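Structural characterization, general
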Amino acid sequence: MHELQQHVLDTFRAAFGGAPALVARSPGRVNLIGEHTDYNDGFVLPCAIDFDTMVAVSPRDDAEVHVVAADFAGDTDRFSLAGAIGHHPHGGWADYVRGVLAMLREAGMPATGANIALAGNVPRGAGLSSSASLEVALALALRHLHRLEHLDNTALALLAQRAENSFVGCNCGIMDQLISARGVAGHALLIDCRTLAATAVEIPASFVVMIIESRVKRGLVDSEYNLRRQQCETAARVLGVAKLRDASLAMLATAGPELDPLILRRARHIISENARTVRAAEALAAGNMRRMGQLMAASHASMRDDFSITVPAIDQLVALLQVAIGAEGGARMTGGGFGGCVVALMRASQVDAVRAHVLQHYRSPDGQAAIVHVCQAGAGAGLVD
Ligand code: GAF
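Definitions and limits used
Residues numbered from 1 in each chain as written. Predicted model: local features only at pLDDT ≥ 70, side-chain atom pairs only at ≥ 80, totals over all residues. Core = buried A, V, L, I, M, F, W, Y, C linked by C-beta atoms within 7 Å. Buried ≥ 20, exposed ≤ 12 C-beta atoms within 10 Å, placed from the backbone. Domains from an automatic or database assignment. Pairing = 2+ DSSP bridges. Helix = DSSP H or I, 4+ residues; strand = E, 2+ residues; numbered from the N terminus. Contact = placed C-beta atoms within 7 Å. Axes fitted to C-alpha atoms, helices over the stretch in contact; angles between N-to-C directions. pLDDT = per-residue confidence, 0-100. UniProt positions renumbered as here; feature names shortened; annotations may be inferred. Left-handed = near helix turned anticlockwise from the far one by under 90°. Nonpolar A, V, L, I, M, F, W, Y, C, P; charged D, E, K, R; others polar.

On to the nonpolar core, then. Side chains that are nonpolar tend, in soluble globular proteins, to be buried together. With 110 residues, the main nonpolar core has Val55 and Val342 as its most contacted residues. For this core, the domains that each give at least three residues are domain 1 (3–203) and domain 2 (207–375). Formed by 10 residues, the second largest nonpolar core is a distinct cluster that contains Cys232, Ala235, Leu239 and Ile270.

What follows is the structure in structure tokens.
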């Protein structure tokens, strides 16, 4: 049995006695390219990774929800489904659980209580979407427990996003929840965030996905993330389009002085990143890893120069990786920005040398070495046997 599965079962047994009715899992994610494009109705190219959150559940015969979180020192939460679900006094992980339950209630889940144990191995606070994986795994577990057949995996992803937007208060797009719910093993997904259509793109078998944690604390991420969203909305308004998905570089070139230079740069990142993401999916599908690397490099430069979401230590880490990898494959910052992780694609035969190079030459501003993960593109959410 998988170590994580054993952990969630042991946690459940210790808290509630006996075995759960079912266990669901959902993965974290890494985005190969297409950053901050999701909330502009654009394109993203993420893959699910082989790190999961697992959720063990059983029904109760009252309306209470009792939760134990293995990764937060066995911390617990209790609330009732009989009335409105309020926030936890200390926020944190418990509000993700409460938010998902609140959205499921709105979507028709009965007020039958549940015992719930959570355990995961997605690195937390690293920008690999541990929170989306928790939300989706929990939503999936409860869908099965209550036979909510009308909710498919896309509906669960949208529900999880609503939990973050309207309950937790983070204004994220749909990428993280959707890839967690619908990932395909061995593939990245080109997701059209307007229609939610997804095309699986195979990652060439001789290449691997490496994730490098920069150890730069993602300090400003919430306020700066929301600011970037506002700037994109301002750009769309000035350009007279519904979303930046509908704008073009030609429109920017002919925009009048009412388009502030800073807003113009933000819009240029989104418009160029959308085009790069579609081209990257084509390059990956064709096994053209030289082209893929060029597009990843251009994406990083655009995040650094136009969208201003990288930090100097991450720029150095990316440059180091680009040199170590060479022309076939590439590296770029991944996720919301202001710290977090770099994603790199390289031949499997290069992994040891690249890892050694990064561990020797990179240090975060407070002197820490990077943490390197070599990942498989994993499958999206599902039940665990
Ligand atoms: C975070 C958000 F949650 C995503 O929706 C996405 O916008 C990403 O940052 C940036 O591409 O992960």
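A few words on the pairing of strand E8 (residues 198–202). Inspection of the sheet shows strand E7 (residues 187–192) paired to E8 by 5 bridges, in the antiparallel sense. What sits directly across from Leu190, in E8, is Thr199.

So, on to the domain arrangement of the protein chain. Accessible area lost upon the coming together of the parts is a frequently used measure of interface size. Considered domain by domain, the protein chain is made up of domain 1 (3–203) and domain 2 (207–375). Between the C-alpha centres of domain 1 and domain 2 the distance comes to 26 Å. The interface is formed by 31 residues belonging to domain 1 together with 36 residues belonging to domain 2. For the side of domain 1 that touches domain 2, the elements supplying multiple residues, two or more each, are strand E1 (22–31), strand E2 (43–44), strand E3 (46–59), E7 and E8. Per-element accounting of the side of domain 1 that touches domain 2 gives the leading share, 3 residues, to E3.

Here we take up the sheet that holds strand E4 (residues 64–69). Strand pairing in a sheet relies on backbone hydrogen bonds. The paired strands run either parallel or antiparallel. With respect to topology, 6 strands assemble into an open sheet ordered E5-E4-E6-E3-E1-E13, the strand pairing being mixed. The open sheet has two free edges, formed respectively by strand E5 (75–80) and strand E13 (382–384), since each of these has just one partner strand. Direction aside, the axes of adjacent strands within the sheet are offset by 25° on average. Of the strand pairs in this sheet, E4 and strand E6 (residues 114–120) are connected by 5 bridges, and their pairing is parallel. Note on E6: the bridge partner recorded for Ala69 is Leu118. Lying on the sheet, helix H1 (residues 3–16) is in contact with E1, E3, E4, E6 and E13; it crosses E6 at an angle near 145°. Strands E1 and E3 of the sheet are contacted by helix H5 (residues 175–182), whose axis makes an angle of about 125° with E1.

Attention now goes to the confidence of the model for the protein chain. Of all residues in the protein chain, 99% attain a pLDDT of 70 or more, and the chain-wide mean is 96. Complex prediction metrics read pTM 0.97 and ipTM 0.99.

Phi is positive for Ala73, which is not a glycine, with a value near 55°. Inspection of the secondary structure puts Ala73 in the loop between E4 and E5. At Arg147, a position not held by glycine, the phi torsion is positive, near 50°. Mapped onto the fold, Arg147 is located in the loop between helix H3 (130–145) and helix H4 (153–168).

This next bit is on the UniProt feature "domain: GHMP kinase N-terminal" (unreviewed entry) in the protein chain. Mapped onto this numbering, the UniProt entry annotates "domain: GHMP kinase N-terminal" (unreviewed entry) at residues 96–183. Between the first and last C-alpha atoms of residues 96–183 the distance is 21 Å; the span itself is 58% helix and 8% strand.

What follows concerns the environment of Ala370. Tracing the backbone through its elements, the reader meets Ala370 in the loop between helix H11 (351–361) and strand E12 (371–375). Those residues in contact with Ala370, other than ones at most four positions away along the chain, are Ile212, Glu213, Ser214, Arg215, Leu317, Val358, Leu359 and Tyr362.

Turning to the UniProt feature "domain: GHMP kinase C-terminal" (unreviewed entry) in the protein chain, a few remarks are in order. According to UniProt, the feature "domain: GHMP kinase C-terminal" (unreviewed entry) maps to residues 280–362 in the numbering used here. Structurally, residues 280–362 is divided into 58% helix and 14% strand, and its ends, taken at the C-alpha atoms, are 27 Å apart.

Another aspect to go through is the sheet that holds strand E9 (residues 207–213). One open sheet accounts for 4 strands, arranged E10-E11-E9-E12; its pairing is antiparallel. With one partner strand each, in any of the chains shown, strand E10 (330–334) and E12 form the two edges of the open sheet. Taken pair by pair, the neighbouring strands of this sheet meet at an average axis angle of 25°, ignoring direction. Where E9 and E12 come together, 5 bridges link them in antiparallel fashion. Opposite Ile211, over in E12, you have His373 as the bridge partner.

Interaxial distance between helix H2 (residues 93–106) and H4 falls to 8 Å at its minimum, and their mutual angle equals 115°. For the pair H2 and H4, the sense of crossing is right-handed. Across the interface between the two elements, Asp95, Tyr96, Arg98, Gly99, Val100, Ala102, Met103 and Leu104 of H2 pack against Leu159, Ala160, Arg162, Ala163, Glu164, Phe167 and Val168 of H4. Taken together, the residues of the contact of H2 with H4 sort by class into 10 nonpolar, 1 polar and 4 charged.

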